[in-house]
Amino acid sequence: MGLYLLLFGITLFWFFFKTYLHRSQTTKLPPGPTGLPIVGSLLQIGPQVHESLAKLAKLHGPLITLRLGSITTRVASSPETAKEILQKHDQNFSDRHVPDVITAQPNPEATLGWVPGDHRWRNRRRICSTQMFTTHKLDSLQHLRHQKAQELVLHIKKHCSSDGVPVDIGRVVFATTLNLISNTIFSIDMVDPEFESAQEFKDLVWRIMEDAGKPNLSDYFPVIKWLDLQGVKRHIRPSYRRLHEIFDEVIDKRLKDRVLDSSRSGDFLDALLDQCEEDGSGFNRQTIKPLILDLFIAGSDTSAITTEWAMAELLRNPHTMQKARNEIMQKIGTNRLVKESDIDQLPYLQAVLKETIRLHPAAPLMLPHKARNDAELLGFTIPKGTQVFVNAWSIGRDPKYWENPLGFLPERFLGPSPDYKGRDFEYVPFGSGRRMCPGLPLAIRMVHLMLASIIQAFSWRLPDGTTPESLDMQEQFGVTLKKAVPLCAIPS
Ligand code: HEM
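Reading guide: rules and limits
Residues numbered from 1 in each chain as written. Predicted model: local features only at pLDDT ≥ 70, side-chain atom pairs only at ≥ 80, totals over all residues. Heavy atoms only, no water. Near = heavy atom within 4 Å. Polar contact = N/O pair within 3.5 Å; in protein donor to acceptor, adjacent residues only side chain to side chain. Helix = DSSP H or I, 4+ residues; strand = E, 2+ residues; numbered from the N terminus. Nonpolar A, V, L, I, M, F, W, Y, C, P; charged D, E, K, R; others polar. Phe/Tyr/Trp six-rings, centres within 6.5 Å; stacked < 30°, edge-to-face > 60°. Buried < 20%, exposed > 50% of the residue type's maximum accessible area, 1.4 Å probe, protein only. Lys NZ or Arg CZ within 6 Å of the ring centre and 35° of its normal. Pairing = 2+ DSSP bridges.

- Looking at an unreviewed UniProt entry, one finds the protein named Geraniol 8-hydroxylase-like and attributed to Ilex paraguariensis.

**Focus: the site of the ligand**
Then step 1. The environment of the ligand is made up of 26 residues, and the closest members are Arg96, Trp121, His369, Arg435 and Cys437.
Then step 2. Tryptophan 121 is positioned with one of its side-chain polar atoms (N or O) 2.9 Å from an oxygen atom of the ligand.
Then step 3. Residue assignment for the shell around the ligand shows that the elements contributing at least two residues are α5 (119–131), α13 (285–316) and α17 (440–457).
Then step 4. Tallying contributions element by element places α13 first for the shell around the ligand, with six residues.
Then step 5. For the shell around the ligand, the per-class residue count stands at 15 nonpolar, eight polar and three charged.

**Structural notes on the packing of aromatic side chains**
Then step 1. Counted under the stated rule, the structure contains 12 aromatic pairs.
Then step 2. Judged by centre distance (5.0 Å) and plane angle (75°), the ring pair of phenylalanine 201 and phenylalanine 296 falls under edge-to-face. Residue phenylalanine 201 is found in helix α9 (residues 200–213), and its partner phenylalanine 296 is found in helix α13; the two are separated by 95 residues along the sequence.
Then step 3. Since its relative accessible area comes to 3%, phenylalanine 201 is described here as buried.
Then step 4. You can call phenylalanine 296 buried: its relative accessible area is 0%.
Then step 5. Grouped by ring-pair contacts, the aromatic residues Trp402, Phe413, Tyr420, Tyr427 and Phe430 constitute a single cluster.
Then step 6. The positively charged end of arginine 358 is found above the aromatic ring belonging to tryptophan 402, 5.2 Å away from the centroid.
Then step 7. Taking NZ or CZ as reference, lysine 482 lies 4.8 Å from the ring centre of tryptophan 206, over its face.

**Notes on the pairing of strand β12 (residues 488–491)**
Then step 1. Pairing between strand β4 (residues 167–168) and β12: two bridges, direction antiparallel. From the neighbouring strand, aspartate 168 faces β12, where its bridge partner is cysteine 488.
Then step 2. Pairing between strand β9 (residues 460–461) and β12: two bridges, direction antiparallel. Counterpart to arginine 461 in the pairing with β12 is isoleucine 490.

Next up, the structure:
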């Protein structure tokens, strides 16, 4: 018996050794730092992950291997490597590596952003693309968004009657963005337009963004994730549950209205409920709530911080603010508020937004992709199951592709220039390929509308004691790339 066991053991060992030897002879993994035992390069990375990864890319090359705890990650930091992952091997990298905190929500398998790129994901993307983000659908509800932009201006106006009081730009545009999205999905406000009462929805979404952005040991050491050592999942779970309850209330009310009146409001909720009524569509009440939640989470903070960064850059570069304002005054004037349909006439404002998301992409590492199978990329092997990041932040600042890469120069986008729609890999703030941001058409409308409205209605200055040169532009890395110190500015 003992001899058989020994022989069995030797055979097993030989088999694994041969497999390992064969693999290491035939595969060339991307280079990277060695890292420390157990923690790998975790300590080296620090809190500004996007920046540390950019520095490592300078040392080791545009495609690196990095061990973070027990997880091995690959990071692409050049247009060429981004193109390989997001275009050439698009299908192979269309799965997601899912952070542990995401699994704390009810029915995480029904989300859009966190499921593998299979037929269920395709079904959800299709309904969003055809029922929410088409020009026709967005145009049909733009009057609701114009109203929200007007309320933002009125709120700031009220605020500036007490002269010299700074406005926390990020705070007011975040609340406005939630209402812009909720009016596109539900045709109702989820936050009190006066920003005073009914703040629960805003606080819940905010809390989820904060919790999801915290570095979590469970992601670096999955064997101990069941312990939830930092309590991140325990903390986030009630916020997810409460948001589902709020969605239930909205859905109940809409279902009652649909019984009483067969006409439809034409918003996304109606489209989803129509799908729920179709047999075999894969949509029901339990699966539409995570999808709706994903749209709020993915769309609100990203669009709000982009508006905040744009205002920060404009205040830091007063001549660009003046140019943007002049353009609005010349093309639209002051007799009426800006509309989404005016944006085509405002090329400088469009260039301001493009330059803002080049320097401050809201999702600097996109969302984590995952290799479905082994892939050969520029002579390196990316093994099946690997987590892959694309560093959109460092790509947008690459001096090989961008002249004066750290300067805020909207003019570079006035002539023929790269486009953010996923075709030019030196500029991928919305990603590219099948997992590219589906909300781009709405994001662009919302950010332009908010920016143009507050630039048209007010002239802005920095609080006393802050000069354009001393304005703090530090970043805070999380799920999104926030401004570390919130932007406060004085309207008049
Ligand atoms: C300035 C604003 C925005 C930026 C910069 C942005 C950027 C991105 C990026 C980089 C990705 C990941 C792409 C990848 O991993 O390959 C993404 C995914 C996503 N975005 Fe956006 N986004 C913005 C606004 C929005 C809005 C307004 C919505 C919807 C209301 C939205 C919904 C989504 C969803 C659902 C995904 C996941 C898509 C999937 O996995 O299939 N985003 N976004």
